[in-house]
Amino acid sequence: MNWEVVIGLETHAQLQTKSKIFSGSSIAFGAEPNVQANAVDIALPGVLPVLNREAVVCAIKFGLAVGATIAPRSVFARKNYFYPDLPKGYQISQFEIPVVQGGGLSIRVGAGDTATEKFVHLTRAHLEEDAGKSLHEDFHGKSGIDLNRAGTPLLEIVTEPDMRSSAEAVAYARALHALVQWIGICDGNMQEGSFRCDANVSVRRPGEPLGTRREIKNLNSFRFMQQAIDFEVQWQINEITEGRAIRQATVLFDPDTGETRSMRSKEDAHDYRYFPDPDLLPLEIGADWIAEVESGLPELPQAMQARFQAEYGLSAYDAAILTASRAMADYYVAAVAVAGGANGKAVANWIMGELAARLNKGDMDVAASPISAAQLAGLIQRIADNTISNNIAKKVFEALWNGEGKSADEIIEKQGLKQITDTGAIEALVDEVLAANQKSVEEFRAGKEKAFNALVGQAMKATKGKANPQQVTDLLRKKLGA
């Protein structure tokens, strides 16, 4: 029987401010427990929250980047629940009137020519404070509470239930992860909890109303997200097939077993008894403030993709790969600036080919590449002006990667790799190869094309790859009458 999977994501992006959303406490990661929680964070009697302006700027940036409506007036509310790591007994969030409303994100699902485009609609994005953290390890059977995170500024980004597979959910999460880093509002560090997702998953038969959803909490890696959703989908299908009803619940994913397990029944909004926070005035955002923030936004990924295609003749796929992260896009732009726009396609090919392969092998980000954008551009220039061939360029690339020289020119000079382009020298070489390989000559004239390739190989071998391959090929064909 066919089933339709329905997925919506809620993502908490920790905003890159220096202090908390309602107090002056630091949000630096890694401090000793409870040293970054002041009187406001732990809600001592008489304290008053003061909204961090930079957190609002981050929300405006995000809203503009996803084509959303920035609410001219939004309201903070108290979300009431009781848990040891929530010192106030409530969380300050936004409920009825969030700061960002609507918008969406275009994603690519799959790779290469088979990739498909999809638009994921956003319901809202609202500002809120984080809770503290419960620690259950190394406490001799007890739990500890660290309130350093209490009050850390978050932007909770909520999608419509638009995704229909774990692959789509992961593609969206990756695109969102790249975007919040691109516009500089979140560092995206999933290991430190700066970017974490909750997946609402349900299944239904096509054409039926939405099924009962279960929320998978705190997914902090894309691999775990895919595994958790796939397991949850199959579990729900099995339950329904065997005649058992799905109950709304919050579940956790155990990466050791690859399974989800129920944590508690899922609350609805009325369970939290939301009401406007009496200590905070409504947040008002005027057109002038929005225009000021917009003027400081960088060129966005989709606009940059279109420009790369128009200026450098890149395919849509190449442009998407090169704008998958701000660091990658900056590297490409810097390399093209040195190599010249006419070499834009060649630069793209080297970044997505040799460079990407080495980065993947070392599990490295492009920002950590030992070959700078300028060095790669210098290498490509030497290919373009026929100083070296593509094959020799790979040797130069390897030497640059290993730090054997500061530039392609230095390595080419030091190792004597300059390409032989003198027609007379190459012609003499070709004559020697033909004289020494009469059997291959006869086979080629008998119609065996492989024999010609063997002759080219012998010529290149004789010069240790330094002869211009095209000149060798052209001269061989001329002398063989081909």
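Residues numbered from 1 in each chain as written. Predicted model: local features only at pLDDT ≥ 70, side-chain atom pairs only at ≥ 80, totals over all residues. Heavy atoms only, no water.

Enquirer: Any details on the overall build of the protein chain? Residues and values, ideally.
Expert: A tally of helices and strands in the protein chain yields 15 helices and 17 strands. Computed over the C-alpha atoms, the radius of gyration of the protein chain is 30 Å, more than 25% above the 23 Å expected from 2.2 N^0.38 for a compact globule of 482 residues. Each principal axis of the C-alpha distribution contributes one length, and for the protein chain these read about 95 × 55 × 50 Å. A buried classification covers 48% of the 482 residues belonging to the protein chain. In the protein chain, once contacts between residues fewer than 6 apart in sequence are set aside, the share between residues at least 24 apart is 68%. (Helix = DSSP H or I, 4+ residues; strand = E, 2+ residues; numbered from the N terminus. Rg over C-alpha atoms; globule rule 2.2 N^0.38 Å. Buried < 20%, exposed > 50% of the residue type's maximum accessible area, 1.4 Å probe, protein only. Contact = heavy atoms within 4.5 Å.)

Enquirer: Can you tell me about the pattern of salt bridges, naming the residues and giving the values?
Expert: Counted under the stated rule, the structure contains 22 salt bridges. The salt bridge involving Arg164 is made with Glu4; its shortest N-O contact spans 3.2 Å. Taken together, the positions of Arg164 in the loop between strand 11 (153–159) and helix 2 (166–182) and Glu4 in strand 1 (residues 4–14) put the pair 160 residues apart, joining distant regions of the chain. According to the relative accessible area criterion, Glu4 is partly exposed, its value standing at 23%. Among the salt bridges present, the one from Lys414 reaches Glu410, with a minimum N-O distance of 3.5 Å. Taken together, the positions of Lys414 and Glu410, both in helix 11 (residues 408–415) and four residues apart, correspond to about one turn of that helix. For Lys414, a relative accessible area of 56% puts it in the exposed group. (Salt bridge = Lys/Arg side-chain N within 4 Å of Asp/Glu carboxyl O.)

Enquirer: An account of the environment of Gln101 is requested, with residue identities and associated values reported.
Expert: Mapped onto the elements of the fold, Gln101 is located in strand 6 (residues 100–101). Relative accessible area serves as the criterion here: at 29%, Gln101 is assigned to the partly exposed category. Through-space distance from the C-alpha of Gln101 to that of Arg124 is 4.4 Å; in sequence the pair is 23 residues apart. At 3.0 Å, the side chain of Gln101 forms a polar contact with the backbone oxygen of Pro98. (Polar contact = N/O pair within 3.5 Å; in protein donor to acceptor, adjacent residues only side chain to side chain.)

Enquirer: Give a detailed account of unusual backbone geometry, specifying residues and quantitative values.
Expert: Of note in this structure, Asn218 is not a glycine but carries a positive phi near 55 degrees. The residue Asn218 is located in strand 13 (residues 214–219) in this model. Classification of Asn218 by relative accessible area gives partly exposed; the value is 43%. Phi is positive for Asn386, close to 65 degrees, though the residue is something other than glycine.

Enquirer: Go over the nonpolar core, please, and point to the residues and values.
Expert: The biggest cluster of nonpolar side chains holds 108 residues, and the ones touching the most others in it are Phe62, Leu127, Tyr172, Tyr332 and Val396. Those residues in contact with Tyr332 that sit more than four places away from it in its chain are Phe308, Tyr312, Leu314, Leu322, Gly344, Val347, Ala348 and Ile351. Listed in part, the 18 residues of the second largest apolar core include Val430, Val441, Met460 and Leu475. (Core = buried A, V, L, I, M, F, W, Y, C linked by side-chain atoms within 4.5 Å.)

Enquirer: Can you explain the pairing of strand 5 (residues 90–93)? Please cite residues and give values.
Expert: With burial as the criterion, each face of strand 5 is covered, one bearing Tyr90 and Ile92 and the other bearing Gln91 and Ser93. Sheet topology places strand 4 (residues 77–80) next to strand 5; four bridges connect them, and they run antiparallel. Pairing of Asn80 across the sheet is with Tyr90, part of strand 5. (Pairing = 2+ DSSP bridges.)

Enquirer: Could you give an account of the packing of aromatic side chains, with specific residues and numbers?
Expert: Tallying each qualifying case throughout the model produces 10 aromatic pairs. Arranged with centres 6.0 Å apart and planes meeting at 70 degrees, the rings of Tyr81 and Tyr272 form a pair that is edge-to-face. Of the two residues, Tyr81 sits in the loop between strand 4 and strand 5 while Tyr272 sits in the loop between strand 15 (259–265) and strand 16 (275–276), which places them 191 residues apart along the sequence. You can call Tyr272 buried: its relative accessible area is 12%. Aromatic pair Phe95 and Tyr274: ring centres 4.1 Å apart, planes at 5 degrees, arrangement stacked. In this pair, Phe95 sits in the loop between strand 5 and strand 6 while Tyr274 sits in the loop between strand 15 and strand 16, placing the two residues 179 residues apart along the sequence. The structure contains a cluster of three or more aromatic residues connected by ring pairs, namely Tyr81, Phe95, Tyr272 and Tyr274. Over the ring of Tyr272 we find Lys79, and its NZ or CZ is 4.5 Å from the ring centre. (Phe/Tyr/Trp six-rings, centres within 6.5 Å; stacked < 30°, edge-to-face > 60°. Lys NZ or Arg CZ within 6 Å of the ring centre and 35° of its normal.)

Enquirer: Can you lay out the sheet that holds strand 4 for me, pointing to particular residues and giving the numbers?
Expert: Where strands meet in a sheet, backbone hydrogen bonds hold them as pairs that are either parallel or antiparallel. Pairing is antiparallel in the open sheet, where three strands are placed in the order 5-4-16. Both edges of this open sheet fall to strand 5 and strand 16, since each of them pairs with a single strand only. In the sheet, strand 4 pairs with strand 16 via two bridges, with the strands oriented antiparallel. Bridge pairing in strand 16 links Arg78 to Phe275.

Enquirer: Mind laying out the packing of helix 8 (residues 344–361) against helix 9 (residues 373–384), listing which residues take part and the relevant values?
Expert: Closest axis-to-axis distance for the helix 8/helix 9 pair is 10 Å, and the angle between their directions is 120 degrees. Judged on the interaxial angle alone, helix 9 and helix 8 are oblique. In terms of crossing hand, the pair formed by helix 8 and helix 9 is right-handed. Here Ala346, Val347, Trp350 and Ile351 of helix 8 lie close against helix 9, whose contacting residues are Leu376, Leu379, Ile380 and Ile383. Its residues assigned to classes, the contact of helix 8 with helix 9 comprises eight nonpolar, no polar and no charged. (Axes fitted to C-alpha atoms, helices over the stretch in contact; angles between N-to-C directions. Parallel < 35°, antiparallel > 145°, perpendicular 65-115°, else oblique. Left-handed = near helix turned anticlockwise from the far one by under 90°. Nonpolar A, V, L, I, M, F, W, Y, C, P; charged D, E, K, R; others polar.)

Enquirer: For the packing of helix 8 against helix 10 (residues 390–401), give the residues involved together with the corresponding values.
Expert: The description of two helices packed together rests on the angle between their axes and the distance between the axes. Interhelical geometry of helix 8 versus helix 10 gives an angle of 40 degrees and a closest axis separation of 12 Å. Judged on the interaxial angle alone, helix 10 and helix 8 are oblique. For the pair helix 8 and helix 10, the crossing hand works out as right-handed. On the side of helix 8, the interface is formed by Trp350, Glu354, Leu355, Arg358 and Leu359, while helix 10 contributes Asn390, Ala393, Lys394, Phe397, Glu398 and Trp401.

Enquirer: Break down the side chain of Asn148 for me, with residues and values.
Expert: Turning to its location among the elements, Asn148 is positioned in the loop between strand 10 (144–146) and strand 11. In terms of polar contacts, Asn148 uses its side chain to reach the backbone amide nitrogen of Val35, at 3.0 Å.

Enquirer: Residues and numbers for the pairing of strand 14 (residues 249–254), please.
Expert: Direction of pairing for strand 13 relative to strand 14: parallel, over a ladder of three bridges. When the sheet's bridge partners are listed, Arg214 is paired in strand 14 with Ala249. Traced from strand 13 through helix 3 (residues 222–241) to strand 14, the parallel crossover comes out left-handed. Direction of pairing for strand 14 relative to strand 15: antiparallel, over a ladder of six bridges. Within strand 15, the position partnered with Asp254 by the bridge is Glu259. (Right-handed = clockwise from strand over helix to strand, strands pointing away.)

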